[in-house]
Number of protein chains: 2
Amino acid sequence: MSKEKKSYQATVYVRLKEGVLDPQGTTIKRALGDMGYNGVEEIRSGKFFEVSFLSANRKEALKLVNQISDKLLANPVIEDFKVEI
Amino acid sequence: MSKEKKSYQATVYVRLKEGVLDPQGTTIKRALGDMGYNGVEEIRSGKFFEVSFLSANRKEALKLVNQISDKLLANPVIEDFKVEI
């Protein structure tokens, strides 16, 4: 509270780990085939989150975003995440 | 069929348009507040798709990915998309 905080923007990309089945991607691929797009080999789906937040400095900002990604945005059992600030 | 096709990788990022409510983002922000993370100002959620496909050249590849994004991956009424090859 005594320090001034700055606003940071981060993007967290969450994707299924290699080897984890992606039913959404499979369904989309099949639908594209039905629509006549037969050249599609694979589709993997993922999520991203654009986070705006206050932090004292860049190091703290990265720490915060990694924490909330690990605890809430991603499921570490089946998902990987990547943070960009 | 007569031309040789190459494999391309594209990523399509789909996000809600500005002004469209994002209940998932709002819920995550509230949950983070409950967990003690009070510095979060806003969270917007989005999806991405990693697409592997065959195409004759880069121009055709871009055209294909834009088509399937517009027709299937995104809902143009409420979502914008961005393609990276």
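Refer to the preceding data block for the structure.
Attention here is on the structure that accompanies the text. These figures come from a predicted structure and were not determined experimentally.

Okay, the sheet that holds strand E2 (residues 40-55) of chain B next. In space, the 6 strands of this open sheet follow the order E3(A)-E1(A)-E2(A)-E2(B)-E1(B)-E3(B), with antiparallel pairing throughout. Either end of the sheet is taken by a strand with one partner, and the two such strands are strand E3 (79-84) of chain A together with strand E3 (79-84) of chain B. With direction set aside, neighbouring strand axes in the sheet form an average angle of 25°. Where strand E2 (residues 40-55) of chain A lies against E2 of chain B, 13 bridges are found, and the strand directions are antiparallel. Bridge assignment links valine 51 of chain A to a residue of E2 of chain B, and that residue is isoleucine 43 of chain B. Where helix H1 (residues 23-34) of chain B meets the sheet, it contacts E2 of chain A together with E2 of chain B, and its direction lies at approximately 130° from that of E2 of chain B.

Before going further, it helps to examine the interface of chain B and chain A. Contacts between the two partners involve 32 residues from chain B, matched on the other side by 32 residues from chain A. Taken over both partners, the interface formed by chain B and chain A buries close to 2,900 Å², and the fraction arising from carbon and sulfur atoms is 64%. Looking only at chain B, the three residues that lose the most surface to chain A are Tyr37, Phe48 and Glu50 of chain B, adding up to 21% of its buried area. Across the chain B-chain A interface, the total number found is 2 salt bridges. Linking glutamate 50 of chain A and arginine 15 of chain B is a salt bridge whose minimum nitrogen-to-oxygen distance equals 2.3 Å. At the boundary of chain B with chain A, the tally comes to 18 residue pairs in polar contact (both at pLDDT 80 or more).

With that out of the way, let us pick up the pairing of E2 of chain B. Relative to E2 of chain B, strand E1 (residues 6-16) of chain B is paired through 10 bridges, and the arrangement is antiparallel. Paired with threonine 11 of chain B across the bridge in E2 of chain B is glutamate 50 of chain B.

Criteria and thresholds
- Residues numbered from 1 in each chain as written.
- Chains lettered and ligands numbered in written order.
- Predicted model: local features only at pLDDT ≥ 70, side-chain atom pairs only at ≥ 80, totals over all residues.
- Heavy atoms only, no water.
- Pairing = 2+ DSSP bridges.
- Helix = DSSP H or I, 4+ residues; strand = E, 2+ residues; numbered from the N terminus.
- Axes fitted to C-alpha atoms, helices over the stretch in contact; angles between N-to-C directions.
- Contact = heavy atoms within 4.5 Å.
- Buried area = accessible area lost by both parts, 1.4 Å probe.
- Salt bridge = Lys/Arg side-chain N within 4 Å of Asp/Glu carboxyl O.
- Polar contact = N/O pair within 3.5 Å; in protein donor to acceptor, adjacent residues only side chain to side chain.

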